[in-house]
Amino acid sequence: MPACRLCGGIYPRENFIHGIGPRKDVCVRCGVEHKFVEAEEVPILYDPSTTTARMTLLARRYSPFLWVILLWSAWVTVLSGIAVWGLASAVLLGLTTLALIPWFVLSSAAYQAKLARLSADYARPPGH
Ligand SMILES: [Zn+2]
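1. What to know about the packing of aromatic side chains
Each pair of aromatic rings is reported with the distance of its centres and the angle of its planes.
Next up, step 1: Here the structure, examined in full by the defined rule, presents five aromatic pairs.
Next up, step 2: Among the aromatic residues, those joined into a ring-pair cluster are Y62, F65, W103 and F104.
Next up, step 3: Directly above the ring of F104 sits R61, whose terminal nitrogen or CZ lies 3.8 Å from the centroid.

2. Details of the domain arrangement of the protein chain
Next up, step 1: What the domain assignment reports for the protein chain is domain 1 (1-45) and domain 2 (48-117).
Next up, step 2: Computed over C-alpha atoms, the centres of domain 1 and domain 2 are 36 Å apart.

3. Side note on the pattern of salt bridges
Next up, step 1: Applying the stated criterion across every chain yields a total of one salt bridge.
Next up, step 2: In this structure, the salt-bridge partner of K24 is D25, at a minimum N-O distance of 3.4 Å.
Next up, step 3: Judged by its relative accessible area of 46%, K24 is partly exposed.

Scoring rules and cut-offs
Residues numbered from 1 in each chain as written. Predicted model: local features only at pLDDT ≥ 70, side-chain atom pairs only at ≥ 80, totals over all residues. Heavy atoms only, no water. Phe/Tyr/Trp six-rings, centres within 6.5 Å; stacked < 30°, edge-to-face > 60°. Lys NZ or Arg CZ within 6 Å of the ring centre and 35° of its normal. Domains from an automatic or database assignment. Salt bridge = Lys/Arg side-chain N within 4 Å of Asp/Glu carboxyl O. Buried < 20%, exposed > 50% of the residue type's maximum accessible area, 1.4 Å probe, protein only.

The structure is reproduced here in C-alpha cells:
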C-alpha cells in the first residue's frame, strides 16, 4: 500500500487522490486540507455520521469477543472458587464461547453487506 507524502499515512489505493505534480501520492484527507480537491469530489472521505455508523458496525461485530474475554477474566478471578456457581457459570461461558465462532462466521455476510452500504463506490481510474 502506498504512503501519503504529506502525512506519512499508509492507506489502500482508493484513499488517494489522483493527479501529477503536487497531487501525486496525497491521501484524500491531506488533499482536502491542502485544497487539492473539494470534499465532495472524494466520497471515500466520509462525513462524521458515516464514520460513526462504520465504527458502530465494527464495534458490534467484534465486541462479543471482548465481552467473552472480560467474562472469562471475571470467572477466573471471582467465580472459579465458588463451588456450584463456578461450575454453572463455566458451562454457560463455555457454551457462549463455542457459540461465538459459528455466530461470527454466519454473520459475516450480513456484516459485509452493511459495510458495503456504508462504503463509497470506488472506480479505479485507468492506468492505476
Ligand atoms: Zn496524507
